[in-house]
Amino acid sequence: MPITIACHTIRWVNSCRDYSVGEVVVQLIDAGYDGIEFFESLDRLGEEEDLKKILDSQDLEFVSISNGLDLNSEKQDHAEDKINYAHKFGSKVVMLCCGFLDQGHSKTEDELD
């Protein structure tokens, strides 16, 4: 089975304000990647059909999607939305990042139950 070498888009999310997903896809193709792991919000990724056209036009695989997850139920719902989005691309991997230092450490024992 061939191995897909993918790039995570957190670099663009954390350091670029104005960019399009299409620009990132072209940069990754130029760099020789086979796939992409998205960190963007679903608003930035846009409609599934539009993203699929972009990826298909460059033969880049939607490998995974990442989402921060904490004790906040709103963010848990957001993670579920990202999981469903990734599923539409046939992605079998979702990365959920949790346990950030600013979460939980200042909670009392009663709040953690």
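Residues numbered from 1 in each chain as written. Predicted model: local features only at pLDDT ≥ 70, side-chain atom pairs only at ≥ 80, totals over all residues. Heavy atoms only, no water.

**Here we look at unusual backbone geometry**
What counts is decided by this rule: Numbered from the N terminus, helices here are DSSP runs of H or I no shorter than four residues, and strands are runs of E no shorter than two. Buried residues are those whose accessible area, probed at 1.4 Å on protein chains only, stays under 20% of the maximum for their type, while exposed residues exceed 50% and partly exposed ones sit between those limits.
If you check the backbone angles, aspartate 59 has positive phi at about 55° while not being a glycine. Residue placement: aspartate 59 occurs in the loop between helix 4 (48–58) and strand 3 (61–69). Note on aspartate 59: relative accessible area 68%, which makes it exposed.

**Looking at the environment of isoleucine 54**
With respect to the helices, strands and loops of the structure, isoleucine 54 is situated in helix 4. Residue isoleucine 54 is classed as partly exposed on the basis of its relative accessible area, which comes to 29%. As for isoleucine 54 and valine 21, which are separated by 33 residues in sequence, their C-alpha atoms are 8.4 Å apart.

**Details of the pairing of strand 2 (residues 35–38)**
Let me state the cut-off plainly: Pairs of strands are assigned from DSSP output, requiring at least two bridges between the strands.
Burial along strand 2 is two-sided: Gly35 and Glu37 and Ile36 and Phe38, pointing in opposite directions, are all buried. Inspection of the sheet shows strand 1 (residues 6–8) paired to strand 2 by three bridges, in the parallel sense. Bridge pairing links cysteine 7 to isoleucine 36 in strand 2.

**Brief notes about the packing of aromatic side chains**
Geometrically, a pair of aromatic rings is defined through the distance of the ring centres and the angle of the planes. As a reminder of what qualifies: Pairing of aromatic side chains requires ring centres within 6.5 Å, counting the rings of Phe and Tyr and the six-membered ring of Trp. Pairs whose planes differ by under 30 degrees are stacked, by over 60 edge-to-face, and all others tilted.
Counted according to the given criterion, the structure contains four aromatic pairs. Between phenylalanine 62 and phenylalanine 89, the ring centres sit 4.4 Å apart and the planes meet at 10°, which makes this aromatic pair stacked. Here the residue phenylalanine 62 occupies a position in strand 3, and phenylalanine 89 occupies one in the loop between helix 5 (73–87) and strand 4 (93–98), the gap between them amounting to 27 residues. Pair check on accessibility: phenylalanine 62 and phenylalanine 89 agree, each one buried.

**Quick notes on the confidence of the model for the chain**
As a reminder of what qualifies: The score called pLDDT rates the predictor's confidence residue by residue, from a low of 0 to a high of 100.
Per-residue pLDDT for the chain averages 80, and the proportion of residues at 70 or more is 77%. Helix 6 (residues 109–112) is the least confidently modelled element of the chain, averaging 60 in pLDDT, while helix 4 averages 93, the highest of any element.

**A closer look at the pattern of salt bridges**
Under the convention used in this document: We count a salt bridge whenever a side-chain nitrogen from Lys or Arg sits within 4 Å of a carboxyl oxygen from Asp or Glu.
By the definition in use, this model includes two salt bridges. The partner of lysine 88 in a salt bridge is glutamate 48, with the nearest N and O atoms 3.3 Å apart. Residue lysine 88 is found in the loop between helix 5 and strand 4, and its partner glutamate 48 is found in helix 4; the two are separated by 40 residues along the sequence. Among the residues examined, lysine 88 registers a relative accessible area of 55% and is labelled exposed. Relative accessible area serves as the criterion here: at 17%, glutamate 48 is assigned to the buried category. A salt bridge links aspartate 56 to lysine 52, with the nearest nitrogen and oxygen atoms 3.2 Å apart. Separated by four residues within a single helix, aspartate 56 and lysine 52 lie in helix 4, roughly one turn from each other.

**Comments concerning the environment of isoleucine 10**
You can see isoleucine 10 is positioned in helix 1 (residues 10–15). With 28 residues separating them in the primary sequence, isoleucine 10 and phenylalanine 38 have C-alpha atoms 7.5 Å apart.

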